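Residues per chain, in single letters:
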Amino acid sequence: MTGTAQIEACSIDRKFGTFSALSGVSLSLGEGEFLSLLGPSGSGKSTFLSIIGGYDAPTSGKLLFEGRDITATPAKERGFGMVFQGYALFPHLTVAENIAFPLKVQKRPRAAIRDRVAEMVEMTGLSGHEKKKPAALSGGQQQRVALARALAYEPRVLLLDEPFSALDRNLRTQMQEELRRLHRDLGTTFVFVTHDQEEALALSSRIAIFNHGQLQQIGRPEEIYEAPANRFTAEFLGDINILTLDSAGGGICGTPIVLPGNAVPTGGHLAMRPEHMRLAAGSDGNQLPVRLRDRVYLGPKSRLMLETRGGEELMLYVENDALLPQLAAGSELHVAWDARHSFFL
Ligand SMILES: Nc1ncnc2c1ncn2[C@@H]1O[C@H](COP(=O)(O)OP(=O)(O)OP(=O)(O)O)[C@@H](O)[C@H]1O
Ligand SMILES: [Mg+2]
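Residues numbered from 1 in each chain as written. Chains lettered and ligands numbered in written order. Predicted model: local features only at pLDDT ≥ 70, side-chain atom pairs only at ≥ 80, totals over all residues. Heavy atoms only, no water.

Student: Looking at this structure, how should I read the overall build of the protein chain?
Tutor: Along the protein chain, the regular secondary structure elements total nine helices and 18 strands. Taken along the three principal axes of its C-alpha coordinates, the protein chain extends 75 × 45 × 40 Å. The buried share of the protein chain, taken over its 345 residues, is 48%. Relative to all contacts within the protein chain whose residues are 6 or more apart in sequence, the contacts with residues 24 or more apart total 66%. Accessible surface, the protein chain as shown: approximately 16,500 Å² in total, 51% of it carbon and sulfur. (Helix = DSSP H or I, 4+ residues; strand = E, 2+ residues; numbered from the N terminus. Buried < 20%, exposed > 50% of the residue type's maximum accessible area, 1.4 Å probe, protein only. Contact = heavy atoms within 4.5 Å. Areas by Shrake-Rupley, 256 points an atom, 1.4 Å probe, with all protein chains shown as cover.)

Below, the structure written as structure tokens:
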């Protein structure tokens, strides 16, 4: 992040009765960032987004916009764009009328509204659909109307709550590309809720990971993927191998291991992503003896399910053109990895 914060959340708590939906969430956001809020169902993502938008208020804590306290400012005075989960289009209004709606509420001149609607229709690829009602649109088209409506009055901040969750995979990828383009062209700050890890990695300048109403980690996609702060983040972001270190000597089941930073720990866990592991060839990297338990064919690659001498499971992927016929269940193999791709948990 560069410069001063545009949005700052300071120790946000949100209680529903005795239940804490959010506890002590603090983060700051620079202008033009694309922040994703990522976490499992019920982790507090929508609650946090609603608090930023002014649709809900924190039980305690403060929200600042450009240094001003807006904690008590109502949603419509904040003027942030919001795309709600399920789009929330007006069913009796046409596409053009839906997009025009917030501009009419703002009492903009009729000609200005017409021009802006035309511009938004063009920008979101809705040309030719202006006179249709939402029921006559596909899911992806409805999604575009919701985006166009939220962007129509040029908000400084756009909040999106799982906007693509109802779309099939292809359409979702296409909408993600369009959202990236819009973000790049507009320079608007985006706060985007998703529970899809890949989507968050693909779109965001930074990702905030939530669990049980607490912020677990915030950082650039590579940062939190390659150097997760804790086990939850490590496991939530993708496949991870976690091996128990011997209580003395820093090895695994007696095999000496080179550890990150040449540390000499006693016990604890060492973690690494499967894509950083390979079947050992010659004397490269750390080598650990394993037994092949199962091999899952996935088209271009196979997933190998392996077991250490201590009975811990790990997995790695091999390209199928490199897959040797001797890789049958029960095979004794070695896996290797570079110490710099492993981390302690
Ligand atoms: N109005 C409410 N009254 C009581 N509890 C609520 C209310 N709104 C949210 N909660 C609770 O707060 C927690 C967080 O909810 P929230 O909707 O923020 O989760 P989420 O991360 O958006 O989940 P999902 O991915 O399922 O949308 C949940 O346990 C939810 O049941
Ligand atoms: Mg939600």
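Let's pick the thread back up.
Student: Sorry, what's going on with the domain arrangement of the protein chain here?
Tutor: Frequently, the measure chosen for interface size is the accessible area removed from exposure when the parts meet. Along its sequence, the protein chain is carved into domain 1 (5–235) and domain 2 (241–344). With centres defined by C-alpha atoms, the gap from domain 1 to domain 2 works out at 40 Å. Taken together, the contact between domain 1 and domain 2 spans seven residues of the former and six residues of the latter. Carbon and sulfur atoms supply 46% of the area that domain 1 and domain 2 bury against each other, a total of about 610 Å² over both sides. Three residues, Y225, E226 and R231, lead the burial of domain 1 against domain 2; their summed loss comes to 66% of the area buried on that side. Here domain 1 and domain 2 share zero salt bridges between them. (Domains from an automatic or database assignment. Buried area = accessible area lost by both parts, 1.4 Å probe. Salt bridge = Lys/Arg side-chain N within 4 Å of Asp/Glu carboxyl O.)

Student: What is the right way to read the side chain of T189 from this model?
Tutor: With respect to the helices and strands, the residue T189 is situated in strand β8 (residues 189–194). Taking the relative accessible area as the measure of exposure, T189 reaches 0% and is therefore buried. From its side chain, T189 meets the backbone nitrogen of G32 in a polar contact 2.9 Å long. Residues in contact with T189, not counting those within four places in the same chain, are Q6, L29, G30, E31, G32, E33, R156, V157 and L158. (Polar contact = N/O pair within 3.5 Å; in protein donor to acceptor, adjacent residues only side chain to side chain.)

Student: Just to check I follow, could you spell out the pairing of strand β3 (residues 34–38) for this structure?
Tutor: Two faces, one strand: in a regular strand the side chains alternate between the faces of the sheet. Of all five residues in β3, five are buried; the element is thus mostly enclosed. Across four bridges, β3 lies against strand β9 (residues 206–211) in parallel orientation. In the strand pairing of β9, S36 is matched with I207. (Pairing = 2+ DSSP bridges.)

Student: When you look at unusual backbone geometry in this model, what are you seeing that I'm missing?
Tutor: Most peptide bonds adopt trans geometry, and most residues besides glycine take a negative phi value. In the Ramachandran plot, K107 falls in the positive-phi region, its phi being about 55° despite a non-glycine side chain. Position of K107 among the secondary structure elements: in the loop between α3 (95–105) and α4 (110–123). In this structure, E162 takes a positive phi of about 45° despite not being glycine. Tracing the backbone through its elements, the reader meets E162 in the loop between β7 (157–161) and α6 (169–186). With relative accessibility at 9%, the residue E162 sits in the buried group.

Student: Would you mind showing me how to read helix α5 (residues 139–151) here?
Tutor: Structurally, the α-helix is built with 3.6 residues per turn, so residues lying three or four positions apart point the same way. For α5, spanning 13 residues, the distance from its first C-alpha to its last is 18 Å, which sits close to the expected 18 Å at 1.5 Å a residue. The buried fraction of α5 is high, at eleven of 13 residues. Looking only at α5, the buried set comprises G140, Q141, Q143, R144, V145, A146, L147, A148, R149, A150 and L151. Packing partners of the buried residues in α5 comprise β6 (81–83), α3, α4, β7 and α6. (Expected span 1.5 Å × (residues − 1).)

Student: Quick question: what am I supposed to make of the site of ligand 1 here?
Tutor: Taken together, 13 residues lie around ligand 1, and S41, G42, K45, S46 and T47 are the ones closest in. A distance of 3.0 Å is found between an oxygen atom of ligand 1 and a backbone nitrogen or oxygen belonging to G44. Contact between ligand 1 and S46: an oxygen atom at 2.9 Å from a side-chain N or O atom of the residue. With the chains in place, 59% of the 630 Å² that ligand 1 exposes on its own is no longer accessible. The set of elements that each furnish at least two residues to the shell around ligand 1 consists of β2 (19–30) and α1 (45–53). Class assignment for the residues of the shell around ligand 1 results in four nonpolar, seven polar and two charged. (Near = heavy atom within 4 Å. Nonpolar A, V, L, I, M, F, W, Y, C, P; charged D, E, K, R; others polar.)

Student: Explain the sheet that holds strand β13 (residues 278–279) to me, please; I cannot follow it from the model alone.
Tutor: Sheet strands line up and pair through hydrogen bonds in the backbone, either parallel or antiparallel. The strand order across the open sheet built from five strands is β13-β17-β14-β15-β16, with neighbouring strands paired in antiparallel fashion. On the outer flanks of this sheet lie β13 and β16 (313–319), each paired with one strand and no other.

Student: Would you explain the packing of aromatic side chains in this entry?
Tutor: Two aromatic rings, taken as a pair, are described by how far apart their centres are and by the angle between their planes. Within the structure shown, the criterion is met by eight aromatic pairs. Where F65 meets F80, the ring centres are 5.3 Å apart and the plane angle is 55°; that geometry is what we call tilted. Of the two residues, F65 is situated in strand β4 (residues 60–65) and F80 in the loop between α2 (75–78) and β6; the sequence distance between them amounts to 15 residues. Pair check on accessibility: F65 and F80 agree, each one buried. Put simply, the rings of F34, F164, F190 and F192 pair up and form one aromatic cluster. Cation over ring: R149 sits above F90, and NZ or CZ is 5.1 Å from the ring centre. (Phe/Tyr/Trp six-rings, centres within 6.5 Å; stacked < 30°, edge-to-face > 60°. Lys NZ or Arg CZ within 6 Å of the ring centre and 35° of its normal.)

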